[in-house]
Amino acid sequence: MQPVGPYRFTHMLGVCPAGKAWAAIDGQGRLVTIAVLDAAVAGTPGWRESFAATSNALAQASGGQAFAYADFSATEPWVAYPAEVGPGAERLFRALGQEYQPIPAEGGATAPVSGIPQQVSGIPQQVSGIPQQVSGIPQQVSGVPQQVSGPPQQVSGVPQLTSGPPPAPWALHAGPSAAVPAPTPVQPDADAPQSPAAAPVDAPSHDPFSGSIRRIRPSEPPKRQAGLWGGLVALVLVVAVASGGLVWILSDDEPAGPGTRPTSGVTAFPTAAAVDPPLKPWAQAAPYSPEERALAVAAPSLVFVEAVFTGYVRDASTNAPVRATPISFSRRCSAFVVTPDGHALTSSACVKPTQDNARQIALDAVARMLVRENQLDAAQVETYVRTNLSKTRFTGIDPGTEPVTEIRGQLNTAKGNLTTDTAIPAQVIRTLPNETGNTALIKLAGENLPVVELNQSASLAEGSSLLILGFTTADTDFRTASYGPQSKLVDITSTGRRGPVSIYRINQDLGASSHGGIALDPTGRVAGMIDQDQARPDRANRVVVPSSALGTLLGEAGVANRLGDSDKLYRSALDAYFAGEHSTAIAQFSTVAQTSPANLLAKAYRQNAVERQQNEIESGNRTTWPMVLLAAAGGALFVGLVVLVVMLVRRRRNV
């Protein structure tokens, strides 16, 4: 079998009525198992959709199996699973209700069959009956087949479908035919009297037919019309070839793209590394779905924000520092870029907390220092903070000054406490307090950054669904945690208000660092911003502030949400990709990757478009010759029928 995508098959692992499971390796030598749906099954209504839906359901289920890559639009759809997750392909087929049969490893011996096949004489009897369709895989029978003389037995009747799962026409086979013993020939009896031999008689004196003269002469055979038959044969060949060529030309309406087909003569692996974006929209949602496209549009603009605050906790009456050393704490959240030159929206509580909130966090840090110094019991931390909250202030290096604030943003993937060049410095431009939205506008020191559009007229209502997107982590150590973008489909459960601003509560959240993230509409525009639900004890990020409040903040700051040239070209490339216009998508994604290097999804989708184009070229080449031969056979059959009709008509006229 030809390779699929970036994988090269090594051997078959198992089969089932719907497809096959293969072992394969990718370009980096990593092992995978691949489930391939047969082309005939994929063409059956409902099978391709069920194959894709089951794959995504297993990937998104708790404790499920995530696949590395998939192509559900191919002639033979396939899904690749990393080998370390176990028999992923087998689990997928079994989840589809298939009777999976593993293929024994090479070297497995079958039991020998002793004896010489016996020949059975006699005439095979015709057996009537209706063969039953059997779902599953026909079992292999070891041993040497018995030789049977005579023509094969004829089976009459129409195949019937059995009850149970959807019928699998590719598994249809006839049942065994019954053998009828041949009659034993009659042998002569040795004791029976034999008839005596006839006595010789004299030849007659005259035979009237013994003469050498031939009295009945046969008629002369008609002359063979060699020229007519030669012309008919030539005509059949011409029509067959012309029909095949016409079908080939009409079916080849897809122009070949710039992708090159892999050849067996290559001498080295490609030097360019495969793109591995932190968020893969085709894995987060069903491939080619509105959810995948919405994530692909908005995800490049998502930013991880870390704000570090440094100051002194002072006695409110004397301004004396509670600790001689400064206190530092950090807040981590999400944001999204709204202009190519780095303006981004996020949560005010993240980049500019209130004095009460900052003082509470600083006192908590002081209390934990006292615990480490054995001056305070761990159970007394909450009491210490509550007792001193109204007696202290959190200031800068001098009384009456603001604490020092450092803000940095990271795209794609992020690391806590990072201060290298990949962490982009930022500053606060304008904030709205909690009573009017709890939103903030910051400015990243960057250019040609990916931008997302606001939909200030987005309709949010109780019971509707939203796709939320923000940064999250699975690490438990706050100091060294790594963060990446994650998405989730949520429902709006209720509504509320923050002063003049309406808020919408949702039933799930992405984690502690997701506030400031995006709530998307189906087109990939911003319907709202994720924020903390301050009415909950855990302050979980389960509130959506509508885009209309975000537009108010931008208007007060004099900043307009706008797309750059790279953003417009990126959306055009996505349109071409989802429409199957791979050549156009490849060219446009390449330009975006050069002009906006931070957009890793442009590189990833370009790679996907190249692979899909190559798969289509290979699939087209595999199906061309059967089409030509079928057309040729059809043309030859038509001409043959015409010739037969002409001959029958001429014969009737001659009779």
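In short, a report on the structure. Treat the numbers as computed from the prediction; the structure is a model and nothing was measured. (Residues numbered from 1 in each chain as written. Predicted model: local features only at pLDDT ≥ 70, side-chain atom pairs only at ≥ 80, totals over all residues. Heavy atoms only, no water.)

**Re the pattern of salt bridges**
The line we're drawing: Criterion for a salt bridge: a side-chain nitrogen of Lys or Arg within 4 Å of a carboxyl oxygen of Asp or Glu. Labels follow the DSSP assignment, with helices taken as runs of H or I lasting at least four residues and strands as runs of E lasting at least two, numbered in each case from the N terminus.
Going through the model one piece at a time under the given rule, you end up with 19 salt bridges. We note a salt bridge from Asp531 to Arg498, for which the minimum N-O separation is 2.6 Å. Residue Asp531 is found in strand 19 (residues 526-531), and its partner Arg498 is found in strand 16 (residues 482-498); the two are separated by 33 residues along the sequence.

**Describing the packing of helix 8 (residues 355-372) against helix 9 (residues 381-388)**
Filter applied, for reference: To obtain an axis, a line is fitted to C-alpha atoms, over the contacting stretch when the element is a helix, and the angle between two such axes runs from 0 to 180 degrees between their N-to-C directions. Working definition: roughly parallel below 35 degrees, roughly antiparallel above 145 degrees, roughly perpendicular at 65 to 115 degrees, and oblique for all remaining angles. If you view the pair so one helix is near and one far, a crossing is left-handed when the near helix is turned anticlockwise from the far one by less than a right angle, and right-handed when it is turned clockwise. The contact criterion used is simple: two residues touch if any of their non-hydrogen atoms lie within 4.5 Å.
Across the interface, helix 8 lies against helix 9 with an axial gap of 9 Å and an inter-helix angle of 135°. As far as their axial angle goes, helix 9 and helix 8 are oblique. Crossing of helix 8 over helix 9 shows right-handed handedness. Every residue of helix 9 that contacts helix 8 at Gln360, Leu363, Asp364, Val366, Ala367, Arg368, Leu370 and Val371 is listed here: Val381, Tyr384, Val385 and Asn388.

**Here we look at empty space enclosed by the protein**
Rule in force here: As defined here, a cavity is a set of points on a 1 Å grid over the protein atoms alone where a 1.4 Å probe fits but cannot get out. A pocket is an open set with protein on both sides within 12 Å along at least five of seven lines, and residues line them when an atom is within 4 Å of a point. Grid points are joined across faces, edges and corners, and a volume is the space filled by probe spheres set on the points. Note on residue classes: Ala, Val, Leu, Ile, Met, Phe, Trp, Tyr, Cys and Pro are nonpolar, Asp, Glu, Lys and Arg are charged, and everything else, Gly too, is polar.
For the structure shown, the criterion picks out 3 cavities of 30 Å³ or more. Empty space within the largest cavity amounts to approximately 100 Å³. Surrounding the largest cavity, Pro277, Pro278, Leu279, Ala299, Pro300, Leu302, Asn412, Phe471, Pro485, Leu600 and Leu601 form its lining. When its residues are assigned to classes, the lining of the largest cavity shows 10 nonpolar, 1 polar and no charged.

**Thoughts on a nonpolar patch on the surface**
Where we set the bar: A residue counts toward a patch only above 30% relative accessible area and without a salt bridge, and it is joined to like-charged neighbours within 9 Å or, for Val, Leu, Ile, Met, Phe, Trp and Tyr, to nonpolar neighbours within 5 Å. Areas reported here follow the Shrake-Rupley algorithm with a probe of radius 1.4 Å; residue values treat only the protein chains shown as occluding. The classification of residues rests on relative accessible area computed with a 1.4 Å probe and restricted to protein chains. Under 20% of the type maximum is buried, over 50% is exposed, and intermediate values are partly exposed.
Together, Leu637, Leu641, Leu644 and Leu648 make up an exposed nonpolar region whose accessible area comes to about 390 Å². Inspection of the secondary structure puts Leu637 in helix 13 (residues 600-654). Overall, Leu637 belongs to the exposed group, its relative accessible area being 56%.

**A look at the pairing of strand 17 (residues 501-506)**
Our working definition: At least two bridges found by DSSP between two strands are what make those strands a pair.
Alignment of strand 16 against strand 17, held across 6 bridges, turns out to be antiparallel. Looking across to strand 17, one finds that Gly496 is bridged to Ile503. Two successive antiparallel strands, strand 16 and strand 17, enclose a turn made up of 2 residues, where Gly499 displays a positive phi of approximately 60°. Bridge count between strand 17 and strand 20 (residues 543-546): 2 bridges; the pairing is antiparallel. Across the sheet, the residue bridging to Tyr504 is Val544, located in strand 20.

**Looking at the layout of surface pockets**
The gaps of empty space that remain are located by a probe, the size of a water molecule, rolled over the atoms. Quantified by volume, the second largest pocket comes out at close to 1300 Å³. Forming the walls of the second largest pocket are 46 residues, and the residues nearest its centre are Ser330, Arg331, Asn357, Ile361 and Gln532. Every element with two or more residues in the lining of the second largest pocket is listed here: strand 8 (327-337), helix 7 (348-351), helix 8 and helix 9. It is helix 8 that contributes the most residues to the lining of the second largest pocket, 8 residues altogether. Within the lining of the second largest pocket, the residues separate by chemical class into 16 nonpolar, 18 polar and 12 charged.

**Some thoughts on the state of the cysteines**
A covalent bond between the sulfur atoms of two cysteines is referred to as a disulfide. Formally: What counts as a disulfide here is a pair of cysteine sulfur atoms lying within 2.5 Å.
Scanning all chains against the criterion turns up 1 disulfide. Note that Cys333 is cross-linked by a disulfide to Cys350, the S-S spacing being 2.1 Å. Measuring the twist about the S-S bond at about -85°, one finds the Cys333-Cys350 disulfide to be left-handed. One end of the pair, Cys333, is in strand 8; the other, Cys350, is in helix 7, and 17 residues separate them in sequence. With a relative accessible area of 0%, Cys350 lands in the buried category.

**Points about the packing of aromatic side chains**
For any pair of aromatic rings, geometry is given as the distance between the ring centres together with the angle between the planes. Our working rule: For Phe, Tyr and Trp, where Trp contributes only its six-membered ring, two rings pair if their centres lie within 6.5 Å, and the inter-plane angle classes them as stacked under 30 degrees, edge-to-face over 60, or tilted in between. Consider the ring centre and the ring normal. A charge sits over the ring if Lys NZ or Arg CZ is within 6 Å of that centre and within 35 degrees of that normal.
This model, assessed by the stated rule, comprises 19 aromatic pairs. The interplanar angle of 85° and the centroid separation of 6.4 Å between the aromatic rings of Phe67 and Tyr81 together place this pair among those described as edge-to-face. With Phe67 in the loop between helix 2 (47-60) and strand 4 (69-71) and Tyr81 in strand 5 (residues 78-82), this pair connects stretches of sequence that are 14 residues apart. Look at Tyr81 and you get buried, because its relative accessible area is 0%. Three or more aromatic residues joined by ring pairs form one cluster here, namely Trp282, Tyr288, Tyr570, Tyr577, Phe578, Phe589 and Tyr605. Residue placement shows Arg332 over the ring face of Phe478; its charged tip is 3.8 Å from the ring centre.

**Describing helix 3 (residues 88-95)**
Spacing of three or four residues puts side chains on the same side of an α-helix, whose turn is 3.6 residues. The condition that has to hold: Throughout, the arc means the angular range of directions from the helix axis out to the C-beta atoms.
Within the span of helix 3, buried status applies to Gly88, Ala89, Leu92 and Phe93. The arc that holds the buried residues of helix 3, viewed along the axis, is 135°, so those residues lie on one side. Where the residues of helix 3 are buried, they touch strand 1 (8-16), strand 2 (19-25), strand 3 (31-37), helix 2 and strand 5. Of the residues trailing helix 3, Gly97 is marked for its positive phi of about 85°.

**Digging into the side chain of Glu306**
Counted only if it meets this: Pairs of N or O atoms are called polar contacts if they sit within 3.5 Å, as long as, within protein, a hydrogen donor faces a hydrogen acceptor (for residues adjacent in sequence, only side-chain-to-side-chain pairs).
Secondary-structure assignment places Glu306 in strand 7 (residues 302-315). On the accessibility criterion, Glu306 (5% relative accessible area) is buried. A polar contact of 2.9 Å, which involves the side chain of Glu306, links it to the backbone nitrogen of Asn417. The contacts of Glu306, once residues within four sequence positions are left out, are Ser330, Arg331, Arg332, Glu406, Ile407, Arg408, Lys415, Gly416, Asn417 and Leu418.

**Describing unusual backbone geometry**
Of note, the phi angle at Tyr288 is positive, near 65°, even though the residue is not glycine. Within the secondary structure, Tyr288 sits in the loop between helix 5 (281-284) and helix 6 (290-298). The phi angle at Asn374 is positive, at roughly 60°, despite the residue not being glycine. Residue placement: Asn374 occurs in the loop between helix 8 and helix 9.

**Digging into the nonpolar core**
Generally speaking, a soluble globular protein has its nonpolar side chains buried in company with each other. For clarity, the cut-off: Definition of nonpolar core: a set of buried residues of the types Ala, Val, Leu, Ile, Met, Phe, Trp, Tyr and Cys, connected through side-chain atoms within 4.5 Å.
Ranked by size, the top nonpolar core spans 56 residues in total, and within it Ile34, Phe336, Leu345, Tyr570, Phe589 and Tyr605 carry the most contacts. Contacts of Leu345, omitting those with residues within four sequence positions, involve Ala335, Phe336, Val338, Ala440, Leu441, Leu454, Gly516, Met529, Leu550, Leu553 and Leu554. Val305, Val313, Ile407 and Leu411 belong to the second-largest nonpolar core, a separate cluster that totals 37 residues.

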